[in-house]
Amino acid sequence: MSDSLLQITVEHGPVLPADVKASLEQIYDAVPTVTCACDRLGQCCELTDEEAADDWATMYPLYAVEYLNIVDHVRENFSKEEQKRLLSFDEERPLRCPFLTKVGGCSIHPVRPLACRTYGVISQEGVIETRDRLEGEVPAIWLRHFVKNESCTVCPHTEIEESEKVDDHAECMATFSYDRRLLDLEKSFDGLDDDRRDLLIKASGKYRISRWTWGGFNTLWRKPISWLKSNLVGILDRAALAE
Ligand code: SF4
Ligand code: SF4
């Protein structure tokens, strides 16, 4: 997809309504902060060829409200050139997150999505302890998914800064409560205009896409309507991560 975009409109206000942003920040605030102490910062923000072949993705899942929050941040804080590069980025599953800096930092750290905030927070022992603590209280299938997902995001090089939040956070992860709250938020606002919504419904039968990637959402939100009319069906047919 090299067809280039788009009208970058920095002059108007934030896309995300203030109350939705405040609710999003409340969700983020429940996640304990970690300090990273590995010898190659950002290694978890890019994929090896083997990880890519194994269907891993960077900065995923990204919820629609998180996407809009990041768009606002990019518009408000980045140079015109960087805005153009980031807002026209349309690879669904890049090997390297487009926000990873040359020195391994995150260029959108204050607004990074839940998937990035929760990486490396729960230790392998914490995953097992949480499963045992919640066994019989929450559906077994949730716990199986929790153990499978969280075991893949354990990092031995992180140090927890807010240990008092860890148990509640682990419970939110095991019960998918963050995910439900994010999905509820976008039911109140998902920012898609009528033309794009119509095209999405015609192309997929879906009213909205709740979780995708940065490049995927850029395609739906920011490609010209004329381009989407010809290409959206094919894009969604090929998309592996649009939900
Ligand atoms: S999460 Fe782990 S691998 Fe990723 S930057 Fe932090 S310490 Fe390094
Ligand atoms: S958004 Fe930031 S933390 Fe998340 S994958 Fe990209 S560079 Fe890493």
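About the criteria used
Residues numbered from 1 in each chain as written. Chains lettered and ligands numbered in written order. Predicted model: local features only at pLDDT ≥ 70, side-chain atom pairs only at ≥ 80, totals over all residues. Heavy atoms only, no water. Helix = DSSP H or I, 4+ residues; strand = E, 2+ residues; numbered from the N terminus. Buried < 20%, exposed > 50% of the residue type's maximum accessible area, 1.4 Å probe, protein only. Contact = heavy atoms within 4.5 Å. Polar contact = N/O pair within 3.5 Å; in protein donor to acceptor, adjacent residues only side chain to side chain. Salt bridge = Lys/Arg side-chain N within 4 Å of Asp/Glu carboxyl O. Axes fitted to C-alpha atoms, helices over the stretch in contact; angles between N-to-C directions. Parallel < 35°, antiparallel > 145°, perpendicular 65-115°, else oblique. Nonpolar A, V, L, I, M, F, W, Y, C, P; charged D, E, K, R; others polar. Near = heavy atom within 4 Å.

Chemist: What exactly am I supposed to notice about unusual backbone geometry here?
Modeler: Glycine aside, the phi torsion of most residues is negative, and most peptide linkages are trans. Here tyrosine 60 and proline 61 are connected by a cis peptide whose omega angle stands at 0 degrees. Tracing the backbone through its elements, the reader meets proline 61 in the loop between helix 2 (49-53) and strand 2 (62-63). Positive phi is not limited to glycine here, since methionine 59 has a value of about 50 degrees. Turning to its location among the elements, methionine 59 is positioned in the loop between helix 2 and strand 2. If you check the backbone angles, phenylalanine 176 has positive phi at about 60 degrees while not being a glycine. With respect to the helices, strands and loops of the structure, phenylalanine 176 is situated in the loop between helix 8 (166-174) and helix 9 (177-188).

Chemist: Would you take a moment to explain the environment of threonine 175 for this structure?
Modeler: Tracing the backbone shows threonine 175 in the loop between helix 8 and helix 9. We classify threonine 175 as buried; its relative accessible area is 12%. When the C-alpha atoms of threonine 175 and phenylalanine 189 are compared, they prove to be 24 Å apart, with 14 residues separating the residues in sequence. Excluding anything up to four places from it in sequence, threonine 175 contacts Val138, Trp142 and Arg180. Looking at threonine 175, its side chain comes within polar contact range of the main-chain oxygen of glutamate 171, at 2.7 Å.

Chemist: What is the right way to read the pattern of salt bridges from this model?
Modeler: Between side chains of opposite charge, pairing is possible as soon as their charged atoms come close. With the rule as written, the count across this model stands at 16 salt bridges. The shortest N-O distance in the salt bridge between glutamate 171 and arginine 133 comes to 3.5 Å. Of the two residues, glutamate 171 sits in helix 8 while arginine 133 sits in helix 6 (residues 124-134), which places them 38 residues apart along the sequence. Taking relative accessible area as the criterion, glutamate 171 reaches 32% and is therefore assigned partly exposed. Residue class for arginine 133 comes out partly exposed when judged on its relative accessible area of 35%. Here the salt bridges share partners, and the residues they tie into one network are Asp29, Glu162 and Lys165.

Chemist: Teacher, can you tell me more about the packing of helix 3 (residues 64-77) against helix 9 here?
Modeler: Packed helices, taken two at a time, are described by the angle their axes make and the gap between the axes. At a closest axis distance of 8 Å, the pairing of helix 3 and helix 9 adopts a crossing angle of 70 degrees. Classified by the angle between their axes, helix 3 and helix 9 sit roughly perpendicular to one another. For the pair formed by helix 3 and helix 9, the contact residues are Ala64, Val65 and Glu66 on the first element and Leu182, Leu185 and Glu186 on the second. Broken down by class, the residue content of the contact of helix 3 with helix 9 amounts to four nonpolar, no polar and two charged.

Chemist: Teacher, can you tell me more about the site of ligand 2 here?
Modeler: Around ligand 2 sit Cys45, Met59, Cys97, Phe99, Leu100, Cys106, Ile108 and Cys116, and that is every residue in its neighbourhood. In terms of residue class, the shell around ligand 2 is built from eight nonpolar, no polar and no charged.

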